[in-house]
Amino acid sequence: MGLFGWKVPIERNIHPPRDIRAAWRRNIHDQESMSKPNFQTAPDLTPKPDPNWWHAHALRAYQKGLLGRARWLGRIGQIVDPAHLPSAAIEGHGFFQTAQAKPALAAFGRCLRLRPDHGGSWDMIAVLLHVQGDRAAAAAAAGRFILTAPDDPAAGHKLFHMLRAELRDPEAEKWLRRAYLASRAARTAIETEAERDERAVSIGFDLGMLLLSKYRWDEAWRWYNLRLQRATPKPDRTRYPQPFWTGAADPSAHLLVWGDQNIGDEMQFAQILPELRPKVRRVTLECDARLAPLFQRSFPWLDAVPRGESPPQGPFDLQCPSGHLGGLFRSDARSFATRPQGPWLRPDPDKVARLRERYLHASGGRPVIGVAWKSKNINFQGKNLPLPAWGSVLKTDGAMFLSVQYGDVGADLADVETQLGVRIPRDADIDPMVDLDGFAAQLAALDLVISTSNSTVHHACALGRPVWTMVHVRPDWRWGMRGERSPWFPSLRLYRQVERDNWTPVVQRVAGDLRAWIDARPADRSGSPGSN
């Protein structure tokens, strides 16, 4: 069966043996299957001629997490009846759950041989091909999935993700809007009203993220704000009883602003906080505890309180999640152009001076450049760039490179020293995972930060430091899809990947610009850090 040049893997050699009992014994003693399940504790498994019997036991094993057992019970169901699609499907799901892509593809391929319009198999094949990196074939499989169920919002949502991976955004947006309308139309027989609503919210939120990446601000924020209606918002949107602020001036109001996303988002949306001051009487900002000292110094006119298990004490008149500030104050391009300019976070000046002196002494007066190369977000590992791949950048002479990467980086630094002969020091007194105020002082003491997309970029830009960021071909929404600047971060320069998985041209551009940047600097840089 062809699919735009991709052939569905179909395993054809399933023939009923003469002795089903012998086949069963042979299968349960397979080395892989014996590694986890204990077949001695199974119920009565006297071989039956009905494939549905085998499938029922396979499904029960699957639901209990006994995946090896489920696969082999599904296989025996196919031996009993090679045309039994449910047995092939349960075997495929068993392989999928243990990340065995090749046999999973073969199993779902058998399903399609039996029924070419089996939507569930096309769905799983799309996911497997996407994971394997064959994105064009994954998009094609998702297209076949939606042909089997044109009004199924799950199919449209899946096709959206596959088309986005292929950078086919206009088509992706079309199918996502169609999926949203379908999700609101009618729920399926097996889902609850709440499940239907959650699906619609998830689709709508993805639409908001897509529109934000296109800088279509006015429409984007309405969809983006659906994030608080998701099943697991952070914190729970019912945590505070006050009405949501609409952005209208209320000189008597005490406004509670609370961070509803991660560290990077809290620092990004903090740039809007000064614009609240003339609109309300008082502002309390509930934030990540690690940010509270930095925010309090930066915005002394508000009360920065660390987020804990219990809500902060009021009384408050109104509430506003920090992510909602974007929709209230950044609804068009003009609102970015007229915002207050300059950095919005203020590090401890004494710490900055001490670190600056220490780093300049270590560098012999050369510029000090911080480097960060990975994110801890497991959903976006494609934007990471291991240090050994930075060769032409790190071998640029005339500067000292300093690790500003959060987390355990010992192995990474050892690898780059072994492979490139480049030693990158790190300051053991600064822990970016724990002491964000100290980390702010460190970043402020540097001349330049070069990083892949992670929260270090947000942190350094909020401090007004010059930052060069290498971004994935399909970047995070705040970096947009084109150009070398972001409207959110004036001190940021973006270096965009053009071809997926190919970072070499990006690194070469950074290395060339770094050489020119170093050569253009005055010989004596013993004073304050440089500018972009």
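Below or above, wherever it landed, is the structure these notes cover. The structure displayed is predicted, hence computed values, not measured ones.

## Some words on the overall build of the protein
- Within the protein, the regular secondary structure consists of 21 helices and 11 strands.
- By the burial criterion, 54% of the 532 residues in the protein qualify as buried.

## With respect to the sheet that holds strand β6 (residues 318-321)
- Strands sit in the order β5-β4-β3-β6 across an open sheet of 4 strands; the sheet is parallel. Edge positions in the open sheet fall to β5 (303-306) and β6, since each of these has one partner strand only. Geometrically, the sheet is characterised by an average inter-axis angle of 25° between neighbouring strands, direction not taken into account.
- In terms of strand pairing, strand β3 (residues 250-258) meets β6 through 4 bridges, oriented parallel. Paired with Leu256 across the strands is Gln319, a residue of β6.

## Focus on the environment of Tyr215
- Locating Tyr215 in the fold gives a position in the loop between α10 (193-213) and α11 (217-224).
- In sequence terms Tyr215 and Met481 are 266 residues apart; their C-alpha atoms lie 8.9 Å from each other.
- The residues touching Tyr215, leaving out its near neighbours within four places in the chain, are Trp477, Arg478, Trp479, Gly480, Arg485, Ser486 and Pro487.
- A polar contact of 3.5 Å, which involves the side chain of Tyr215, links it to the backbone oxygen of Trp479.

## A look at the packing of aromatic side chains
- In total, this model carries 23 aromatic pairs according to the counting rule given.
- With a centroid separation of 4.8 Å and an interplanar angle of 85°, the aromatic rings of Trp53 and Trp54 are classed as edge-to-face. Each member of the pair, Trp53 together with Trp54, is buried.
- Taken together, Phe205, Tyr215, Trp217, Trp221, Tyr224, Phe269, Phe336, Trp477 and Trp488 form an aromatic cluster joined through their ring pairs.
- The positively charged end of Arg330 is found above the aromatic ring belonging to Phe336, 5.8 Å away from the centroid.

## Description of empty space enclosed by the protein
- Summed over the entire model, instances satisfying the criterion amount to 2 cavities of 30 Å³ or more.
- Approximately 60 Å³ is the volume found for the largest cavity.
- In terms of lining, the largest cavity is formed by Val257, Glu266, Phe269, Ala270, Leu273, Leu285, Cys287, Phe295, Ser322 and Leu325.
- Of all the elements in the fold, those that place two or more residues in the lining of the largest cavity are α12 (263-269) and β4 (280-287).
- Looking at the lining of the largest cavity, its residues break down into 8 nonpolar, 1 polar and 1 charged.
- Considering only enclosed or pocket space, the second largest cavity measures out at about 30 Å³ in volume.

## Some details on unusual backbone geometry
- Note that the residue after Gly314, namely Pro315, is joined by a cis bond; omega there is 5°.
- On the secondary structure map, Pro315 appears in the loop between β5 and β6.
- One non-glycine residue, Leu167, lies in positive phi territory at about 65°.
- On the secondary structure map, Leu167 appears in the loop between α8 (153-165) and α9 (169-185).
- Take Leu167: its relative accessible area is 38%, and that puts it in the partly exposed class.
- The backbone of Asp501 shows a phi angle near 70°, a positive value even though the residue is not glycine.
- Turning to its location among the elements, Asp501 is positioned in the loop between β11 (492-496) and α21 (504-519).
- Residue Asp501 is classed as exposed on the basis of its relative accessible area of 59%.

## Regarding the environment of Val368
- Tracing the backbone shows Val368 in strand β7 (residues 368-372).
- Given a relative accessible area of 0%, Val368 falls into the buried group.
- Ignoring sequence-local partners within four residues, the contact set of Val368 consists of Tyr359, Ser363, Met400, Leu402, Leu446, Asp447 and Leu448.

## Thoughts on the packing of helix α4 (residues 85-97) against helix α5 (residues 101-114)
- One can describe the packing of α4 onto α5 by two numbers: an axis separation of 8 Å at closest approach and a directional angle of 160°. Comparing the axis directions of α4 and α5 gives the class roughly antiparallel. Crossing hand, α4 versus α5: left-handed. Taken together, the residues of α5 that come into contact with α4 (itself represented by Leu85, Ala88, Ala89, Glu91, Gly92, His93, Phe95 and Phe96) are Pro103, Ala104, Ala107, Phe108, Arg110, Cys111 and Leu114.
- By residue class, the composition of the contact of α4 with α5 is 11 nonpolar, 2 polar and 2 charged.

What counts, and at which threshold
- Along each chain, the written sequence defines residue order, and numbers are assigned to residues from 1.
- Where local features are concerned, this predicted model is filtered to residues with pLDDT of at least 70; where side-chain atom pairs are given and counted, the filter is 80 or more; whole-chain, interface and lining totals use all residues.
- The basis for the side-chain values is all heavy atoms of the structure; hydrogens and waters are excluded.
- Put simply, DSSP marks the helices as runs of H or I at least four residues long and the strands as runs of E at least two long, and each gets a number from the N terminus on.
- Burial here depends on accessible area, computed with a 1.4 Å probe over protein chains only, as a share of the maximum for the residue type. Under 20% is buried, over 50% is exposed, and the range in between is partly exposed.
- Strand pairing is defined by DSSP finding a minimum of two bridges between the two strands.
- Structural elements are reduced to axes, namely lines fitted to C-alpha atoms, with helices fitted over the stretch in contact, and the angle between N-to-C directions of any two is expressed from 0 to 180 degrees.
- Residues are treated as being in contact if the distance between any of their heavy atoms lies within 4.5 Å.
- In the analysis that follows, any N or O atom pair within 3.5 Å is treated as a polar contact, provided that within protein one partner can donate a hydrogen and the other can accept it, and provided that, for residues neighboring in sequence, both atoms belong to side chains.
- Note on aromatic contacts: the rings of Phe and Tyr and the six-membered ring of Trp form a pair at centre separations within 6.5 Å, being stacked when their planes are under 30 degrees apart, edge-to-face when over 60 apart, and tilted otherwise.
- Whether a charge sits over a ring depends on NZ of Lys or CZ of Arg being within 6 Å of the ring centre and within 35 degrees of the ring normal.
- A pocket here means an open set of points on a 1 Å grid, computed over the protein atoms alone, that has protein on both sides within 12 Å along at least five of seven lines. A cavity is instead a set of points where a 1.4 Å probe fits but cannot get out; residues with an atom within 4 Å of a point line either one.
- Grid points are joined across faces, edges and corners, and a volume is the space filled by probe spheres set on the points.
- Ten residue types, Ala, Val, Leu, Ile, Met, Phe, Trp, Tyr, Cys and Pro, are classed as nonpolar, four, Asp, Glu, Lys and Arg, as charged, and the remainder, Gly among them, as polar.
- Any angle that is under 35 degrees is reported as roughly parallel, and any over 145 degrees as roughly antiparallel; angles of 65 to 115 degrees are reported as roughly perpendicular and all others as oblique.
- Note on convention: the crossing is left-handed when the near helix lies turned anticlockwise from the far helix by less than a right angle, right-handed when the turn is clockwise.

Spatial relationships are all this shows, so hold off on functional conclusions.
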